[in-house]
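# Reading the structure
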Amino acid sequence: MRNPIIGGVLAILGVVALVLIYSAAFVVHQTQQALVLRLGDPLAPVTTPGLHWKVPFIDSVVYLDNRILDLENPSQEVIAADQKRLVVDAFARYRITNPLRFYQSVGTVQGANSRLSTVLNSALRRVLGENSFISVVRDGREGLMHQIAEQVNREASNFGITVVDVRIRRADLPEANSQAVFQRMQTERQREAAEIRAQGNEAAQRLRARADREVTIVVAEANSKGEQVRGEGDAERNRIFADAFGRDPDFFSFYRSMQAYEASIKPSDTRMLLSPDSRFFRYFQDPVSAVTPAAPTTGN
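Residues numbered from 1 in each chain as written. Predicted model: local features only at pLDDT ≥ 70, side-chain atom pairs only at ≥ 80, totals over all residues. Heavy atoms only, no water.

An unreviewed UniProt entry lists the protein chain under the name Protein HflC, from Xanthobacter autotrophicus. Recorded in UniProt for the protein chain, the comment headed Function (unreviewed entry) runs: "HflC and HflK could regulate a protease." The UniProt entry for the protein chain carries the following comment under Subcellular location (unreviewed entry): "Membrane". (UniProt positions renumbered as here; feature names shortened; annotations may be inferred.)

Have a look at this one:
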């Protein structure tokens, strides 16, 4: 009789022992860190991965992430030092480095994101509000992000958080301002294009005027040379005519008369009112007598 009772008691004790062991043990993974709470009061945090022990039914365990966590901050408008509005889209990366302070100040990751988002927005407004638009969007963005990260990290240390990095993903003008800037840039480029076209037209006019002047000079020189050559030719022709006239005046007279006939008597309707015995027609009457002078008569 005793053996069954003892066996049952031992079995019950074994089950109780297993339950106690199971309740007393907890495992911390490599991506986690744990905080043991004894009746609601936190004890020393557990940051070493592996199997750990706690008091059953008295202690409880809160697990916290040991990895780098993301904070996606919503876009917000910031006024730069030169009074220009900017739409800034930033994000932060942080890690829980003091689990006890983290649990006491914010409690959860959602609470940490809410508090850290407020701190990040304040730091963005302070730092970007002290710098110009050009510094934010182009020249000094890297240095500004370091300043923002330092300020956020200084305040986030009160939450048991260490900020690893802060980045400005986008910093642009609002849509209405962007359109106005685009229109102003377009107007400026159109003005520059019109100025370049005007300079090109002016240069073209100068080239055309220079070319026209050179053409006029070349044509004038050519006409002068042509007139000179023509005058020399006419002089040479007159000299030849004079020489021919000196050699045979009768033939020269006949030749000139033939030229006059050719020029005056055309195949078209030509009308001439001349006397029949006019000297103009002397070669039509008696060409021989017209060319050969009459022999003088001798008196008896």
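Next comes the rest of the account.
## Here we look at the sheet that holds strand β5 (residues 59-65)
Here three strands make up an open sheet; going across it, the order is β3-β2-β5 and the pairing antiparallel. Strands with a single pairing partner mark the edges of an open sheet, and in this sheet they are β3 (41-46) and β5. Direction aside, the axes of adjacent strands within the sheet are offset by 30° on average. (Pairing = 2+ DSSP bridges. Helix = DSSP H or I, 4+ residues; strand = E, 2+ residues; numbered from the N terminus. Axes fitted to C-alpha atoms, helices over the stretch in contact; angles between N-to-C directions.)

## Details of the pattern of salt bridges
Any two side chains of opposite charge can pair if their charged atoms end up close together. Tallying each qualifying case throughout the model produces 13 salt bridges. Close ionic contact of aspartate 89 with arginine 169 constitutes a salt bridge, the shortest N to O distance being 3.2 Å. In this pair, aspartate 89 is assigned in strand β8 (residues 85-96) and arginine 169 in strand β9 (residues 161-172), connecting sequence segments 80 residues apart. Notably, a salt bridge pairs arginine 167 with glutamate 142, separated by 3.5 Å at the nearest N-O pair. (Salt bridge = Lys/Arg side-chain N within 4 Å of Asp/Glu carboxyl O.)

## A few points about helix α5 (residues 141-156)
Between its first and last C-alpha, α5 extends 22 Å over 16 residues, near the 22 Å set by a 1.5 Å rise per residue. Three or more residues of α5 are buried, namely Leu144, Met145, Ile148, Ala149, Gln151, Val152 and Ala156. Contacts made by the buried residues of α5 are with α3 (109-129), α4 (133-139) and β9. (Expected span 1.5 Å × (residues − 1). Buried < 20%, exposed > 50% of the residue type's maximum accessible area, 1.4 Å probe, protein only. Contact = heavy atoms within 4.5 Å.)

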